[in-house]
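Spelled out from the first residue to the last, the chains are:
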Amino acid sequence: MVLPLNKITNSFARQTRFLSTNVHKIAIIGSGPSAFYTSINLLKQNPKNLQIDMFEQNPVPFGLSRYGVAPDHPEVKNCQDRFEEFVQEQMSLNNEPSDNKNFKFFGKVKIGKDIHLAELYKNYHSVVYAYGSSAENQLGIPGEDHSGVINSKKFVGWYNGDPSCQNLNPPLDKVKNVTIIGNGNVAIDIVRILLADPETHWANTDITETALNTLKKSTVENVVVSARRGFLESKFTNKEFKEVLEFKDINFDGWNEELFEKLLNGKKLGRVEKRRLQLAKKYTNNNKDTAKKHWRLDYLKTPVGFKVDSNDPTLLKETIFQKRTIDEEGNISDTKDLASTENELVITSIGYKGEPLPEFKKLGVPFDSKRGMIPNIDGKIDFKDPHGTLSYCTGWIANGSRGNINTCVMSSSILADVINSDMQELKITDKPGREEIEKLLENRNVRVTTWSDWLRIQAKEVLLGQNSAKPFEKITDFDKMLNVLRD
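Conventions we followed
- Along each chain, the written sequence defines residue order, and numbers are assigned to residues from 1.
- Since the coordinates come from a predicted model, pLDDT governs what is reported: local features require at least 70, and pairs of side-chain atoms require 80 or more to be given and counted, while whole-chain, interface and lining totals use all residues.
- In computing side-chain properties, one takes all heavy atoms of the structure into account and sets aside hydrogens as well as water.
- By definition, any uninterrupted DSSP run of H or I lasting at least four residues is a helix, any uninterrupted run of E lasting at least two residues is a strand, and each is numbered from the N terminus.
- With C-alpha atoms as the basis for the radius of gyration, the globule rule is written as 2.2 Å multiplied by the number of residues raised to the power 0.38.
- Here a residue-residue contact requires only that any non-hydrogen atoms of the pair lie within 4.5 Å.
- The Shrake-Rupley method, run with a 1.4 Å probe, gives the accessible areas here. Residue values count only the displayed protein chains as cover.
- Charge assignment: positive for Lys and Arg, negative for Asp and Glu; neither His nor the chain ends contribute.
- Note that the charge is assigned to NZ on lysines, CZ on arginines, CG on aspartates and CD on glutamates.
- For every element, the axis is a line fit to its C-alpha atoms; helices are fit only across the contacting stretch, and the angle between N-to-C directions ranges from 0 to 180 degrees.
- Roughly parallel means an angle under 35 degrees; roughly antiparallel means over 145; roughly perpendicular covers 65 to 115; every other angle is labelled oblique.
- Under this grouping Gly is polar, as are all residues other than the nonpolar Ala, Val, Leu, Ile, Met, Phe, Trp, Tyr, Cys and Pro and the charged Asp, Glu, Lys and Arg.
- Paired strands, as defined in this entry, are two strands with at least two bridges between them according to DSSP.
- In this scheme, a helix's expected span is set at 1.5 Å multiplied by one less than its residue total.
- Whether two aromatic rings pair depends on their centres lying within 6.5 Å, for rings of Phe, Tyr and Trp, where Trp uses its six-membered ring; planes under 30 degrees apart make the pair stacked, over 60 edge-to-face, and the rest tilted.
- With a 1.4 Å probe rolled over the protein chains alone, any residue whose accessible area is under 20% of its type maximum counts as buried; one over 50% counts as exposed, and the rest are partly exposed.
- Just to be clear on terms, a salt bridge is a Lys or Arg side-chain nitrogen sitting within 4 Å of an Asp or Glu carboxyl oxygen.
- You can read pLDDT as the predictor saying how much it trusts each residue, on a scale of 0 to 100.

### Thoughts on the overall build of the protein
Thought 1: A count of helical and extended segments in the protein gives 18 helices and 16 strands.
Thought 2: Here the protein has a C-alpha radius of gyration of 26 Å; the compact-globule value for 487 residues is 23 Å, and the two agree.
Thought 3: Pairs at least 24 residues apart make up 77% of the contacts formed inside the protein by residues separated by at least 6 positions.
Thought 4: Roughly 23,800 Å² of accessible area belongs to the protein as shown, and the carbon and sulfur atoms make up 49% of that amount.
Thought 5: Across the protein, the 67 positively charged side chains and the 65 negatively charged ones have centroids separated by 3 Å.

Now the structure itself:
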């Protein structure tokens, strides 16, 4: 039996609508490790009935792993290889056109400007927030806005090639003493940046050429890592601690151990704490007679202000601290005593903080401003959208800027399970998803960067790196990235 053409067409249309209503369309905001691991886990569990669109405000992907990982830790960035393999797998499935793939990357699209958040809720079944933390916590003390006080987010972005941080120009050629306030892994990264030899340690990494040249001219000799709490509460890992202790041309001057004698003598230490204490004792003053550069840990001090250098008002003279004390039980309390640390430059490293997207308040998306995160349970947000769209979050915006890339792996896996579970119970209505968003972007003349565009930019960076014996040389200007695509 041969059906008339109009009946074939109508049958096909009904089939298309049926298939469309079984495709769960997800918008992910952000393209860092949390965003990619969530995408990988989702499509691994449900490869046929998902369409994921990833939105990134920068022209290039990877967020924290590209702009936040120390240049001498390339193994941490290996996750990017997995992400690229994942996208390539999606682009090659069934030899379909890339627009029909389960996954698509939208670079240089700012949510709230190029596409409104309300438009995502209207066109997708789920919205996942994975855009990380864009601000650093503040000390909240006088003088914090002085040019001699730099926040670590900007400093890390500067040496890692984040285009938004390239106007920093830290005066390392005029500085001998630096104080880092905060003692997490980022603080230890900065110790290495400031004190490790530029030629032998940094020249063959992916540190930017600008940062490398600045470090070659640096006069920094002494670094103090200061913290409000005690030795046992140190935020850095033993792995990071040991790494900087093993430099032969840098001396570890130790820490104010005398303040903790009663506590340490009477306390049973855990494995991690015991190892940290062993490392501190083993490496203190090992290179005292040969090293020209020094660093130390300084505990139980709260910064309260800064004194400016009268000879050069762009620099500091010292940082003023309020002393704290600790008893044999480990209880810490403030004292009325003050102390000062000589430094021309201070780098604050007291953690990052997430910020709400512009439309959160208008739409009613919950946000905890105090903790800088979206309230959630296992990544699910308690928010009822009128379009029936479900909301989720993962990564730093979900956990208050805690953890590392390994943490992202675990939390993203949990979130994928939650989303897939919700999908089983959700009656999926037809939504246009990608099709409508692409029309909106085109009508608004938004120059979206695709995954193919990123591969072209990446190829150019590899080519630039060949000229300087580096794995690649990051392009540190957004316009220059786009010029690569125009060329």
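On we go.
### Things to note about the packing of helix α17 (residues 451–466) against helix α18 (residues 478–486)
Thought 1: Taken N-terminus to C-terminus, the directions of α17 and α18 make an angle of 105°; their axes are 9 Å apart at the nearest point. Accordingly, the angle class assigned to the pair α17 and α18 is roughly perpendicular. Of the residues in α18, those touching α17 at Asp453, Arg456, Ile457 and Lys460 are Met481, Val484 and Leu485.
Thought 2: When the residues that make up the contact of α17 with α18 are grouped by side-chain class, the tally is four nonpolar, no polar and three charged.

### Some details on the sheet that holds strand β1 (residues 24–29)
Thought 1: One open sheet accounts for five strands, arranged β3-β2-β1-β4-β16; its pairing is parallel. With partners counted over all chains shown, the strands left at the sheet margins are β3 (103–107) and β16 (390–393), one partner each. Put simply, the sheet's adjacent strands are angled 20° from each other on average, direction ignored.
Thought 2: Inspection of the sheet shows β1 paired to strand β2 (residues 50–56) by six bridges, in the parallel sense. Each bridged residue has a counterpart across the sheet, and for isoleucine 26 the counterpart in β2 is isoleucine 52.

### Brief notes about the environment of glycine 230
Thought 1: Structurally, the position occupied by glycine 230 is in the loop between β8 (222–226) and α10 (238–245).
Thought 2: In sequence terms glycine 230 and glutamate 209 are 21 residues apart; their C-alpha atoms lie 37 Å from each other.
Thought 3: Once residues lying within four places of it in the same chain are set aside, the contact partners of glycine 230 are Phe260, Tyr299, Leu300 and Ile332.

### Overview of α17
Thought 1: For α17, with 16 residues, the first-to-last C-alpha span of 23 Å sits near the 22 Å given by 1.5 Å per residue.
Thought 2: Of the surrounding secondary structure, the elements contacted by the buried residues of α17 are α2 (33–45), α3 (63–67), α4 (79–92), β3 and α18.

### Things to note about the packing of aromatic side chains
Thought 1: Under the definition given, this model contains 28 aromatic pairs.
Thought 2: The interplanar angle of 45° and the centroid separation of 5.6 Å between the aromatic rings of phenylalanine 36 and phenylalanine 62 together place this pair among those described as tilted. Residue phenylalanine 36 is located in helix α2, and its partner phenylalanine 62 is located in the loop between β2 and α3; the two are separated by 26 residues in the primary sequence.
Thought 3: The exposure class assigned to phenylalanine 36 is buried, which follows from its relative accessible area of 0%.
Thought 4: On the basis of relative accessible area, phenylalanine 62 is assigned to the buried category, the value being 0%.

### Here we look at the environment of proline 59
Thought 1: With respect to the helices, strands and loops of the structure, proline 59 is situated in the loop between β2 and α3.
Thought 2: On the basis of relative accessibility, which here comes to 3%, the residue proline 59 falls in the buried class.
Thought 3: Sequence separation between proline 59 and methionine 481 is 422 residues, and the spatial gap between their C-alpha atoms is 7.6 Å.
Thought 4: Sequence-distant contacts of proline 59, defined by excluding residues within four places in its chain, comprise Phe105, Gly107, Lys108, Thr449, Phe478 and Met481.

### Points about the pairing of strand β14 (residues 345–348)
Thought 1: Burial of the side chains of β14 extends over both faces: Leu345 and Ile347 are buried on one face and Val346 and Thr348 on the other.
Thought 2: Direction of pairing for strand β6 (residues 149–151) relative to β14: parallel, over a ladder of three bridges. By the bridge assignment, asparagine 151 is partnered in β14 with threonine 348.
Thought 3: Note that strand β7 (residues 177–181) and β14 share four bridges and pair parallel.

### Details of the sheet that holds strand β13 (residues 332–342)
Thought 1: Overall, antiparallel pairing links the three strands, which are arranged β11-β12-β13 in an open sheet. Of all strands in the sheet, those with a lone pairing partner are β11 (301–308) and β13, marking the two edges. Each adjacent strand pair in this sheet contributes to an overall mean axis angle of 20°, direction not counted.
Thought 2: Summarising the sheet, β11 and strand β12 (residues 316–326) pair through seven bridges and their orientation is antiparallel. The partner of lysine 301 across the bridge, within β12, is lysine 323.

### Quick look at the pattern of salt bridges
Thought 1: Within this structure, the stated rule accounts for 25 salt bridges.
Thought 2: Glutamate 89 serves as the salt-bridge partner of arginine 82, at 4.0 Å between the closest nitrogen and oxygen.
Thought 3: Shared partners join several salt bridges into a network, and the residues in it are Asp72, Asp189, Arg192, Glu240 and Glu243.

### Observations regarding the confidence of the model for the protein
Thought 1: On average, the protein scores 91 in pLDDT, and the residues at 70 or more come to 94%.
Thought 2: Note that pLDDT drops below 50 for residues 1–21; the model gives that stretch five contacts with residues more than four away or on any other chain.

### Here we look at the environment of phenylalanine 247
Thought 1: You can see phenylalanine 247 is positioned in the loop between α10 and β9 (250–255).
Thought 2: In this structure the C-alpha to C-alpha distance between phenylalanine 247 and arginine 444, which are 197 residues apart in sequence, comes to 53 Å.
Thought 3: Non-local contacts of phenylalanine 247, meaning those with residues more than four positions away in its chain, are made with Arg192, Ala196, His201 and Asn287.

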